[in-house]
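Here are the chains, one letter per residue:
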Amino acid sequence: MIALGQVTPHNIKQLKKLNQVVFPVAYNDKFYKDVLEVGELAKLAYYNDIVVGAVCCRVDTSEGRRRLYIMTLGCLAPYRRLTIGTLMLEHVLSICERDGKLDALYLHVQVNNEAALAFYRKFGFEVIETKEQYYKKIEPADAYVLEKNLRPKEE
């Protein structure tokens, strides 16, 4: 049984632990403080009542566009390929649909993360640029910026 639950002050430490295991970068206290403020944009994924994944997003308004930034979306390795990531991304997509005023979703993916690239491409994300030296303490340090446009392309 897979379910999504709220991130609260009571379970934020579980999110922290999960992120330490899943991601090669460390997130600071401000990240977790901000996550508590975003409501539906942050979810823990449970598999049989055990936290196995999480998604954290924020709305980003820059360059005259309103986009949803996926800060993190990850799942513990033994629980991958069980549709948990799909469930989390579908949750985010449904928020975008309900909002109706977002231009796109975007995120950064380490250039060698083939599994993540394949996953996001399945949902219509495209690589729109490469950010060199995006990551500070990991190799490769470069990241792709992936984006899924939510507006019809203008002719």
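In the block above lies the structure referred to throughout.
The residue numbers shown here count from 1 along each chain, following its written sequence. Local features in a predicted model are, by the rule used here, given only for residues with pLDDT of at least 70; side-chain atom pairs are given and counted only at 80 or more, and totals for whole chains, interfaces and linings are based on all residues. Calculation of side-chain values draws on the structure's entire complement of heavy atoms; hydrogens and water are dropped beforehand.

## Examining the overall build of the protein
The secondary structure content of the protein amounts to 4 helices and 7 strands. Only DSSP runs of H or I reaching four residues or more are called helices, and only runs of E reaching two or more are called strands; each is numbered from the N terminus. Ordered by position from N to C terminus, the α and β elements of the protein give β-α-α-β-β-β-α-β-α-β-β. Taken against the 2.2 N^0.38 rule, which gives 15 Å for 155 residues, the C-alpha radius of gyration of the protein at 15 Å falls within 12% of a compact globule. Over its C-alpha atoms, taken along the principal directions, the protein stretches across nearly 50 × 35 × 30 Å. A buried classification covers 45% of the 155 residues belonging to the protein. In this description, contact between two residues means that some pair of their heavy atoms is separated by no more than 4.5 Å. Sequence-distant contacts, at least 24 apart, represent 61% of the contacts inside the protein between residues at least 6 apart. We compute the radius of gyration from the C-alpha atoms alone; for a globule the expected value is 2.2 Å times N to the 0.38, where N is the number of residues. Throughout this description, buried means an accessible area under 20% of the type-specific maximum (1.4 Å probe, protein chains only), exposed means over 50%, and partly exposed covers the range between.

## Here's the deal with the sheet that holds strand β4 (residues 65-75)
An order of β1-β2-β3-β4-β5-β7-β6 is seen for the 7 strands of this open sheet, with the pairing classed as mixed. Strand pairing shows two members of the sheet lacking a second neighbour, β1 (2-6) and β6 (126-131), which therefore form its edges. Looking at each pair of strands side by side, their axes are set apart by 30 degrees on average, direction ignored. The sheet contacts of helix α1 (residues 12-22) involve β2 (42-47), β3 (50-62) and β4, and relative to β3 the element is tilted by about 90 degrees. In short, DSSP must find at least two bridges between two strands for them to pair. A fitted line through C-alpha atoms serves as each axis, taken over the contacting stretch for helices, and the angle formed by two N-to-C directions is quoted from 0 to 180°.

## Observations regarding the packing of aromatic side chains
Ring geometry is summarised as follows: Phe, Tyr and Trp rings, the Trp one being its six-membered ring, pair when their centres sit within 6.5 Å, and such pairs are stacked at plane angles under 30 degrees, edge-to-face over 60 and tilted between the two. For the coordinates displayed, the defined rule picks out 9 aromatic pairs. Plain terms: the ring middles of Tyr 120 and Phe 125 are 5.3 Å apart, the flat faces sit at 70 degrees to each other, and that makes the pair edge-to-face. Just as Tyr 120 is buried, Phe 125 falls in that class too. Centroid distance Tyr 134 to Tyr 135: 4.9 Å. Interplanar angle 85 degrees. Geometry classified as edge-to-face. For Tyr 134, a relative accessible area of 30% translates into the label partly exposed. Taken together, Phe 23, Tyr 27, Phe 31 and Tyr 32 form an aromatic cluster joined through their ring pairs. For Arg 67, the ring lying beneath its charged end belongs to Tyr 106, and the centroid distance is 3.7 Å. As a reminder, the over-ring test applies to NZ of lysine and CZ of arginine, requiring each to be within 6 Å of the ring centre and within 35 degrees of the ring normal.

## Things to note about the pattern of salt bridges
Salt bridges are identified by distance alone: a Lys or Arg side-chain nitrogen within 4 Å of an Asp or Glu carboxyl oxygen. All chains considered together, the criterion is met by 8 salt bridges. Here Glu 40 makes a salt bridge to Lys 43, at a shortest N to O gap of 3.3 Å. The partly exposed category is assigned to Glu 40, whose relative accessible area is 34%. Measuring nitrogen to oxygen at the nearest pair gives 3.0 Å for the salt bridge that ties Asp 103 to Arg 151. Note that Asp 103 is positioned in the loop between α3 (84-99) and β5 (104-110) and Arg 151 in the segment after β7 (143-149), a separation of 48 residues in sequence. When salt bridges that share partners are traced, they join Arg 65, Arg 67 and Glu 147 into one network.

## Quick look at the pairing of β7
Both β5 and β7 contribute to a ladder of 7 bridges, which runs antiparallel. Paired with Ala 104 across the strands is Asn 149, a residue of β7.

## Here we look at the state of the cysteines
Note on terminology: disulfide denotes any pair of cysteine sulfur atoms within 2.5 Å. If you walk through the whole model with that rule in mind, you get 0 disulfides. Among the cysteines around Cys 56, which has no disulfide bond, Cys 57 carries the closest sulfur, lying 7.3 Å off. With a relative accessible area of 0%, Cys 56 lands in the buried category. Cys 96 takes part in no disulfide bond, and the closest cysteine sulfur, belonging to Cys 57, lies 7.6 Å away. A residue is classified by how much of its surface remains accessible, and Cys 96, at 6% relative accessible area, is buried.

Just geometry here; none of it tells us what the structure is for.
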